[in-house]
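Residue-level structure breakdown
In case you want the letters, here they are:
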Amino acid sequence: MTKAPSPPSVEELTERLREARRAGAPGSPERLRLHRELAESCPTFTPNLLELARQLQLANEPGRDARENLEEARRLLEQAVMGSERSGPAVVELGYYLDTIHDAPEQARKLYEEGAARALETLEDAWAGLLRAWVHERTKESLEKALKLSELAEKLFPDSGRIQGVVNDARQAARHEGQ
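Worth saying up front: this structure is predicted, and the values here are computed from it rather than measured.

**Details of the side chain of serine 160**
You can see serine 160 is positioned in the loop between α7 (140–156) and α8 (161–176). Given the relative accessible area of 8%, serine 160 is considered buried. Of note is the side chain of serine 160, whose polar atom sits 2.5 Å from the side chain of glutamate 124. Side-chain polar atoms of serine 160 contact the backbone nitrogen of isoleucine 163, separated by 3.0 Å.

Quick look at the structure:
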């Protein structure tokens, strides 16, 4: 029985992506070749799918119709959206493609809205974590930062129970420390 080859590590994938990005000018045959090879060996590596789609939109490959590149780019972007479980960057990238290449502003708008909502979810999570970290640090500087961010977080996320909880913790900690 032969052993199946192990999938590439994250480090290997990242290095191959860097190599592809450094190879030639944007849209060059060498750059496209390296990105395509990476996409073939790891079809779910979203950063490469997004980069390859961008490169295809710039490419002028001899013997290949520009429409073929654009359709390949669209397939890659849709694959990136699906493989990333509709991550904000992938959704937005597909939106730009539909907006600029296919003149589909209504479809693009929906994707932009979805991407913005995903980004806000991430920002809410990050700010809640940052506030919590600063409260636990309990230094004068960290509590000052927490109070300042609390004001902005409350304005942007007025209905977030998670934000309200850490904002209250920050204010209590600051009062306790005499701020």
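From this point, the narrative continues.
**Describing unusual backbone geometry**
At glutamate 85, a position not held by glycine, the phi torsion is positive, near 55°. Looking at the element boundaries, glutamate 85 is found in the loop between α4 (66–83) and α5 (88–100). A positive phi angle is found at aspartate 103, which is not glycine, with a value near 45°. The residue aspartate 103 is located in the loop between α5 and α6 (105–137) in this model.

**Focus on helix α2 (residues 29–41)**
Note that an α-helix has 3.6 residues per turn; residues three or four places apart therefore point the same way. The terminal C-alpha atoms of α2, which comprises 13 residues, lie 18 Å apart, in line with the 18 Å expected from a rise of 1.5 Å per residue. All of the buried residues along α2 are Arg31, Leu32, Leu34, His35, Leu38 and Ala39. Projected onto a plane normal to the axis of α2, the buried residues spread over an arc of 165° and lie on a single side. Facing away from the buried side of α2 by more than 90 degrees, the exposed set consists of Pro29 and Glu40. The elements touched by buried residues of α2 are α1 (10–22) and α3 (46–58).

**A word on α7**
A rise of 1.5 Å per residue sets the reference length of α7, with its 17 residues, at 24 Å; its end C-alpha atoms lie 25 Å apart and thus fit the reference within 8%. Every buried residue belonging to α7 is among Ser142, Leu143, Ala146, Leu149, Ser150 and Ala153, and all of these are buried. The secondary structure elements touched by the buried residues of α7 are α6 and α8.

Thresholds, definitions, all that
Residues numbered from 1 in each chain as written. Predicted model: local features only at pLDDT ≥ 70, side-chain atom pairs only at ≥ 80, totals over all residues. Heavy atoms only, no water. Helix = DSSP H or I, 4+ residues; strand = E, 2+ residues; numbered from the N terminus. Buried < 20%, exposed > 50% of the residue type's maximum accessible area, 1.4 Å probe, protein only. Polar contact = N/O pair within 3.5 Å; in protein donor to acceptor, adjacent residues only side chain to side chain. Expected span 1.5 Å × (residues − 1). Arc of directions from axis to C-beta. Contact = heavy atoms within 4.5 Å.

In short, the description is geometric, and any link to function would need to be established separately.
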